[in-house]
Amino acid sequence: GREGWTPAGWRSPFRGGMHAGGEAGGCDAATSPALRQAWGGLPVAAGKARQLSALSASQAKKKVPEGVTIIDGRKVASEWLSEIAEDVAGIQQRLRRSPGLSVILVGARADSVLYVNRKREAAAKVGIDFKLRELPEQVSQERLAETIQAEYDNPNVDGVLVQLPLPPHIDEELMLEFVEPHKDVDGLHPLNVGRLSMRGRQPAFVPCTPLGCIELLKRYGYEIFGKTAVVIGNSNTVGSPLSMLLRDAGAASVTICHCTASDFMANNGDTSSIRQMDWENSSFRAAGDACLPPLRSGGGSTGGGYRYLPASAISSIPDVCRNADFLFVAVGFPELVRKDWLKPGCVVVDVGINTKPIREDDDIKEISESMLAGGCNPSYEVKIVGDVAFQEVSEVVSAITPVPGGVGPMTIAALMENTLMSAKRTMDRMQWKLKESVAERA
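Parameters at a glance
Residues numbered from 1 in each chain as written. Predicted model: local features only at pLDDT ≥ 70, side-chain atom pairs only at ≥ 80, totals over all residues. Heavy atoms only, no water. Helix = DSSP H or I, 4+ residues; strand = E, 2+ residues; numbered from the N terminus. Buried < 20%, exposed > 50% of the residue type's maximum accessible area, 1.4 Å probe, protein only. Contact = heavy atoms within 4.5 Å. Areas by Shrake-Rupley, 256 points an atom, 1.4 Å probe, with all protein chains shown as cover. Pairing = 2+ DSSP bridges. Right-handed = clockwise from strand over helix to strand, strands pointing away. Axes fitted to C-alpha atoms, helices over the stretch in contact; angles between N-to-C directions. Phe/Tyr/Trp six-rings, centres within 6.5 Å; stacked < 30°, edge-to-face > 60°. Lys NZ or Arg CZ within 6 Å of the ring centre and 35° of its normal. Salt bridge = Lys/Arg side-chain N within 4 Å of Asp/Glu carboxyl O. pLDDT = per-residue confidence, 0-100. Left-handed = near helix turned anticlockwise from the far one by under 90°. Nonpolar A, V, L, I, M, F, W, Y, C, P; charged D, E, K, R; others polar. Core = buried A, V, L, I, M, F, W, Y, C linked by side-chain atoms within 4.5 Å.

Description of the overall build of the chain
- Helix and strand counts for the chain come out as 16 helices and 14 strands.
- Here the chain holds 442 residues, and 54% of them are scored as buried.
- Long-range pairs, those at least 24 residues apart, make up 76% of the contacts in the chain between residues at least 6 apart in sequence.
- Element-wise, carbon and sulfur atoms account for 51% of the exposed surface of the chain, whose accessible area totals about 18,500 Å².

Some points on the pairing of strand S9 (residues 253-257)
- Relative to S9, strand S8 (residues 228-232) runs parallel, the two sharing five bridges. By the bridge assignment for S9, threonine 228 is matched with serine 253.
- Between the parallel pair S8 and S9, the chain is carried across by helix H9 (residues 239-248), and the sense of this crossover is right-handed.

Here we look at the pairing of strand S11 (residues 347-350)
- Neither face of S11 is exposed, since Val347 and Val349 on one face and Val348 and Asp350 on the opposite face are all buried.
- In the sheet, strand S10 (residues 326-329) pairs with S11 via four bridges, with the strands oriented parallel. For leucine 327, the partnering residue across the bridge sits in S11 and is valine 348.
- One ladder, built from two bridges, connects S11 with strand S14 (residues 399-400); its direction is parallel. Residue valine 347 lies in a different strand from S14, and its bridge partner there is alanine 399.

Remarks on the sheet that holds strand S4 (residues 69-70)
- An order of S4-S14-S11-S10-S8-S9 is seen for the six strands of this open sheet, with the pairing classed as parallel. On the outer flanks of this sheet lie S4 and S9, each paired with one strand and no other.
- Sheet contacts for H9: S8, S9 and S10; angle to S9, the most-contacted strand, approximately 170°.

A look at the packing of aromatic side chains
- A complete count under the given rule lists one aromatic pair for this structure.
- Seen from their ring centres, tyrosine 220 and tyrosine 222 are 6.5 Å apart, and the 15° between their planes marks the pair as stacked.
- Over the face of the ring belonging to phenylalanine 205 we find arginine 425, whose NZ or CZ atom lies 4.9 Å from the ring centre.

Things to note about the environment of glutamate 172
- Along the chain, the position of glutamate 172 falls in helix H6 (residues 172-178).
- Distance in space between the C-alpha atoms of glutamate 172 and glutamine 141 is 9.6 Å, their sequence separation being 31 residues.

A short note on the pattern of salt bridges
- Summed over all chains, the structure comprises 12 salt bridges.
- The salt bridge partner of aspartate 158 is arginine 97, with a shortest N-O separation of 2.8 Å. With aspartate 158 in the loop between helix H5 (141-153) and strand S7 (159-162) and arginine 97 in the loop between helix H3 (73-95) and strand S5 (100-106), this pair connects stretches of sequence that are 61 residues apart.
- What makes aspartate 158 buried here is its relative accessible area of 1%.
- Residue arginine 97 is classed as buried on the basis of its relative accessible area, which comes to 16%.
- Each member of the salt-bridge network shares a partner with another, and the members are Glu83, Glu215 and Arg219.

Observations regarding the confidence of the model for the chain
- Residues with a pLDDT of 70 or more make up 66% of the chain, whose mean pLDDT is 76.
- Low confidence marks residues 271-307, where pLDDT is under 50. Its contacts with residues over four positions away, or in another chain, come to 84 contacts.
- A low-confidence stretch, residues 374-380 stays under pLDDT 50, and its non-local contacts, those more than four residues away or across chains, total 19 contacts.

Remarks on the packing of helix H8 (residues 208-219) against H9
- Across the interface, H8 lies against H9 with an axial gap of 8 Å and an inter-helix angle of 35°. For H8 against H9, the interelement crossing comes out right-handed. On H9, the residues that touch Pro210, Leu211, Cys213 and Ile214 of H8 are Pro241, Leu242, Leu245 and Leu246.
- Considering only residue class, the contact of H8 with H9 consists of eight nonpolar, no polar and no charged.

Focus: the nonpolar core
- Within the largest apolar cluster, 58 residues are counted, with the highest numbers of intra-cluster contacts made by Ile84, Leu101, Leu217, Leu246, Phe328 and Met416.
- Looking at which element gives the most residues to this core, the answer is helix H16 (residues 407-441), with 10 residues.
- Discounting residues that sit within four places of it in the chain, methionine 416 has contacts with Leu81, Ile84, Leu101, Lys119, Ala122, Ala123, Val126 and Ile128.
- Val68, Cys346, Phe390 and Val393 belong to the second largest nonpolar core, which has 24 residues in total.

See below:
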């Protein structure tokens, strides 16, 4: 996973990976100032992270009607990581090293540091060598590109990931293209995404959150073949690649609702929040990858100004959802989907991660800004919710993923799987070169 605080005042899902920190470049994770702050008893931000984690754990114990399955992502991810650990142990001798994952972190955003720490913990659990490259927030684009190239050139690194979001002065899309496709374990390079979109083509890697969603359903025994799937949200990191995986899994039909949180805000008359958003500033794009700015009229290539979906289009989305056997929601709007959007017995996968204040008089925007500034008032309390109204929706579904504890852990496990896969390919190339060398000598 990946989260960011949107200018609209809630925290929306951000599942991907590109970021950096430390001017010298290489930095052991255990000595990273940013990660030490997130782990230990340093400043208030660390205490707040722990407070949020404890609250998340308590919220994970959700009650649902009898017969409804809570799809436990934590349990499945733990099993998956155990399998990955066995595979890692099996190739270490042949590779003569552990698989290597390099994460580049720019700056020290509280949320980015938290996600980097989760990746570090998962890598340690499975035996993957985790390397953190830290760069200061004001790093130049050229310096970041050089760092990415250096990690690609490192023969002991099998996967390179840049932790998102990047600061506004960095061209995020350009940096994504600097990650060599065969080490792009986040699966976001245009070549990998393009191959995924084509039938009969195999990308080097699949984006982690969509891969985690499909793997979660598969391990629970849910059959997508011949069923109807609906995806709310068309982000490059979740909705769009997920629709392609559902197509390849044999879904009879896959419908993408091309809507964003801003569309729903506009439809609800929340123009004050919309006006606060600087659509030309990439910081909003970076704030939440599943909560993209409105599309330009005529499409992204033709320009023509930004536009919102008309109210008639927004109001039709519940009707589309009622056709779904499987509903996936990744739009960045807290508790958007209600039970009257769904047909009885459907399966719901909630990708969203949002925070709301427990006390109505608290301002979530102020809380988010305070946290990202490096500290929070300990009196603030928030609850973590998804894009689906869990308790209400559980009255009609046959199965649902909780938030937290659903898709998030699967995203991290998928990253470890992609890194392992890259290491296996490295080993295959080494064996091929050895065979060529023997043949030449003969």
